[in-house]
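# Per-entry structural report
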Amino acid sequence: MAVEMSDEHFEDLVSEALDEIPRELAQAIDNVVVLVEGRNEEEPDLLGLYQGIALTERDSHYAGSLPDTITIYRDAILDICETDDDVVHEVLVTVVHEIAHYFGIDEERLHQLGWG
């Protein structure tokens with residue numbers, strides 16, 4: 001059974017997950033906005049999505065680009081969780097996973113590291 005949670009509480013969990021990012025990495029994140037949405041229309045089971053140009057792929061043409069976005073999908077996460085603690089864990093994993101994509105870490109490596 002899916003967990004029910006207010007939008008505000010879920011957004012607080014995303015903020016708390018962002019606070020868990022080590023300072024050295026957090027300081028290296030630039031031109032990224034983190035959003036919370038209910039669900040991805042094209043892939044309703046998707047938990048999170050990074051859209052942008054990974055740090056490892058940026059060149060001189062990146063200057064002046066719109067911010068990259070990390071979207072965390074609240075309803076998809078709540079659907080797979082049974083407890084509030086599950087939600088806290090899944091939000092953290094999803095936030096770390098999407099930030100890793102910003103740093104150029106691919107899906108295969110994330111799974112090897114346990115953040116798949």
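Structure first, text after, so check above.
All of the points below concern the structure found in this document. (Residues numbered from 1 in each chain as written. Predicted model: local features only at pLDDT ≥ 70, side-chain atom pairs only at ≥ 80, totals over all residues. Heavy atoms only, no water.)

### Structural notes on helix α1 (residues 7-19)
Taking 1.5 Å of rise per residue, the 13 residues of α1 would be expected to cover 18 Å, and the 19 Å separating its terminal C-alpha atoms lies within 8% of that figure. Within the sequence span of α1, burial applies to Phe-10, Leu-13, Val-14 and Ala-17. Summarising the axial view, the buried residues of α1 lie within an arc of 100°, below the 170-degree limit, and thus occupy one face. Residues of α1 that are exposed and angled more than 90 degrees away from the buried face: Glu-8 and Asp-19. (Helix = DSSP H or I, 4+ residues; strand = E, 2+ residues; numbered from the N terminus. Expected span 1.5 Å × (residues − 1). Buried < 20%, exposed > 50% of the residue type's maximum accessible area, 1.4 Å probe, protein only. Arc of directions from axis to C-beta.)

### What to know about the nonpolar core
For soluble globular proteins, the rule of thumb is that nonpolar side chains tend to be buried together. Counting 23 residues, the largest nonpolar core has Met-5, Phe-10, Ile-72, Ile-77, Val-87, Val-91 and Val-95 as the members making the most contacts within it. No other element matches helix α4 (residues 84-102), which puts 6 residues into this core. Look past the residues within four positions of Ile-77 in its chain and what remains in contact with it is Phe-10, Leu-47, Ile-72, Val-87, Glu-90, Val-91 and Thr-94. (Core = buried A, V, L, I, M, F, W, Y, C linked by side-chain atoms within 4.5 Å. Contact = heavy atoms within 4.5 Å.)

### Side note on the environment of Glu-90
By secondary structure assignment, the location of Glu-90 is in helix α4. C-alpha separation for the pair Glu-90 and Ala-17, spaced 73 residues apart in sequence, amounts to 9.8 Å. When residues no more than four places from it in sequence are discounted, the contact partners of Glu-90 are Leu-47, Ile-77, Ile-80 and Cys-81.

### A word on the pattern of salt bridges
Scanning the entire structure with this criterion turns up 3 salt bridges. With its nearest N and O atoms 3.2 Å apart, the salt bridge here joins Asp-7 to Arg-74. Of this pair, Asp-7 sits in helix α1 while Arg-74 sits in helix α3 (residues 74-80), placing them 67 residues apart in sequence. The partner of Asp-75 in a salt bridge is Arg-74, and the shortest N-O contact between them spans 3.4 Å. Accessibility expressed as a relative area gives 28% for Asp-75, which makes it partly exposed. Bridged by salt links that share partners, the residues Asp-7, Arg-74 and Asp-75 form one connected network. (Salt bridge = Lys/Arg side-chain N within 4 Å of Asp/Glu carboxyl O.)

### Some points on the sheet that holds strand β1 (residues 32-37)
The pairing of strands in a sheet happens through backbone hydrogen bonds and is either parallel or antiparallel. Pairing is mixed across the open sheet formed by 3 strands, whose spatial order is β1-β3-β2. Where the open sheet ends on each side, the last strands, each with one partner, are β1 and β2 (48-51). Sheet twist, expressed as the mean angle between neighbouring strand axes with direction ignored, is 15°. Where β1 and strand β3 (residues 68-73) come together, 6 bridges link them in parallel fashion. Following the sheet pairing, Val-36 is matched in β3 by Ile-72. Strands in contact with α1 are β1 and β3; relative to β1, the strand with the most contacts, it is inclined by about 150°. (Pairing = 2+ DSSP bridges. Axes fitted to C-alpha atoms, helices over the stretch in contact; angles between N-to-C directions.)

### Considerations on unusual backbone geometry
In this structure, Asn-31 takes a positive phi of about 65° despite not being glycine. Judged by its relative accessible area of 25%, Asn-31 is partly exposed.

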